[in-house]
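Summary of structural features
The lines below spell out each chain.
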Amino acid sequence: MRHAVFLAVGIGCGLVAFQLPMATWERLAPAFFVGGVVLLIVVLIPGVGREVNGAQRWLSLGPVNLQPSELMKVCAALYAADYTVRKLDDMASFKRGFLPMMAVILFVGFLLLREPDFGAFVVITTIAFGVLFLGGVNVRVFGVLTVVALIGFLILIWTSPYRRERMFGFMDPWQDAFGRGYQLSHSLIAFGRGEWFGVGLGGSVEKLFYLPEAHTDFLLAVIAEELGFAGVLVVVGLFALVVQRAFMIGRDAIRLERYFAGLVAQGIGLWFGVQSFINMGVNMGLLPTKGLTLPLMSFGGSGIVANCVAIAIVLRVDWENRQLMRRGRP
């Protein structure tokens, strides 16, 4: 019932988002980003932010909980696109084009790691710097950034016993199947039970008693158990289609010299692509266990609303592209 309510709210927010012209989104992008940062600060205030399983990521708003990190993904795509357009002539400069954005994202990353929400940090960083790259940031600077980011992520993993255990547990979940490898081992069991065509819709045993977070982080494992390899292929194909369409819509907008709209669409495509790739990789045992949901499918009020708004923005970009093309623009 709650999921249906959140879906209805998400669709409503999406309809409102679609009505706003991209020029309005561009004008409001810095304000949305500042608002997102404020929410990330507020959620860390003792007694204000709600703590669940050792993570303080939610703001309690009566009967519902708001997760600012989910909304921040939309804000990051908008702000990164707006920043890139404003700094288009400085993209080749490390000091004027790249450094200010890096400082902002590092501050956001610091807030996210305080919650902690390492998964959201990875996704938001990818959105921001991916948009900068698509906007024409110096390739050598981007290459150095990639190396530095990889080293930074390794340091964050190595200095955190919790993350380090997840890393080693991912390499051999059966070594400690009742401890650090519990989540992944049961996810793999679900995949194995599903075989080619699954045990039937609703027939999953793992989701009832064994698989943790079956409705969010490990939803794909449940799909694999109930619908089999065929069902997983359909899900992967649909996500690939969504990402491909977002990039094509963004490319069309850039061809029409609508750079902000194009970069926003491609930034959202990056978001959905990276987050779904990580979630699927975790479920299949290809990546270390990380708490990231499957966009558009996993349970979660804030996530559903953010996903619906993001899709609505991409559709708005496409609608404006088509309007311009009908008027004779190339």
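Cut-offs and rules
Residues numbered from 1 in each chain as written. Predicted model: local features only at pLDDT ≥ 70, side-chain atom pairs only at ≥ 80, totals over all residues. Heavy atoms only, no water. Axes fitted to C-alpha atoms, helices over the stretch in contact; angles between N-to-C directions. Helix = DSSP H or I, 4+ residues; strand = E, 2+ residues; numbered from the N terminus. Parallel < 35°, antiparallel > 145°, perpendicular 65-115°, else oblique. Contact = heavy atoms within 4.5 Å. Nonpolar A, V, L, I, M, F, W, Y, C, P; charged D, E, K, R; others polar. Buried < 20%, exposed > 50% of the residue type's maximum accessible area, 1.4 Å probe, protein only.

This next bit is on the packing of helix α2 (residues 22-42) against helix α11 (residues 259-284). Orientation of α2 relative to α11, taken along the N-to-C sense of each, is 80 degrees, at an axis distance of 10 Å. The pairing of α2 with α11 is recorded here as roughly perpendicular in orientation. Counted together, Met 22, Trp 25 and Glu 26 of α2 and Phe 260, Ala 261 and Val 264 of α11 form the full contact between these two elements. Looking at the contact of α2 with α11, its residues break down into 5 nonpolar, no polar and 1 charged.

Tracing the backbone shows Ala 312 in helix α12 (residues 301-326). Along the backbone, Ala 312 and Gln 19 are 293 residues apart, and their C-alpha atoms lie at a distance of 8.9 Å. Discounting chain neighbours no more than four positions away, the residues touching Ala 312 are Gly 14, Ala 17 and Phe 18.

Positionally, Gln 275 belongs in helix α11. For Gln 275, a relative accessible area of 2% gives the class buried. For Gln 275, the residues in contact, after removing those within four places along its chain, are Lys 73, Val 123, Leu 292, Thr 293 and Pro 295.

Here we take up unusual backbone geometry. Along the chain, Glu 115 connects to Pro 116 via a cis peptide bond; the corresponding omega equals -5 degrees. By the secondary structure assignment, Pro 116 is in the loop between α4 (94-114) and α5 (118-134). Backbone geometry at Glu 195 places phi at a positive 50 degrees, although glycine is not the residue there. We note that Leu 296 has phi near 70 degrees; this positive angle belongs to a residue other than glycine. Relative to the elements of secondary structure, Leu 296 occurs in the loop between α11 and α12.

Here we take up the environment of Gly 231. Inspection of the secondary structure puts Gly 231 in helix α10 (residues 219-255). It is 8.0 Å that separates the C-alpha atoms of Gly 231 and Gly 198, two residues lying 33 residues apart in sequence.

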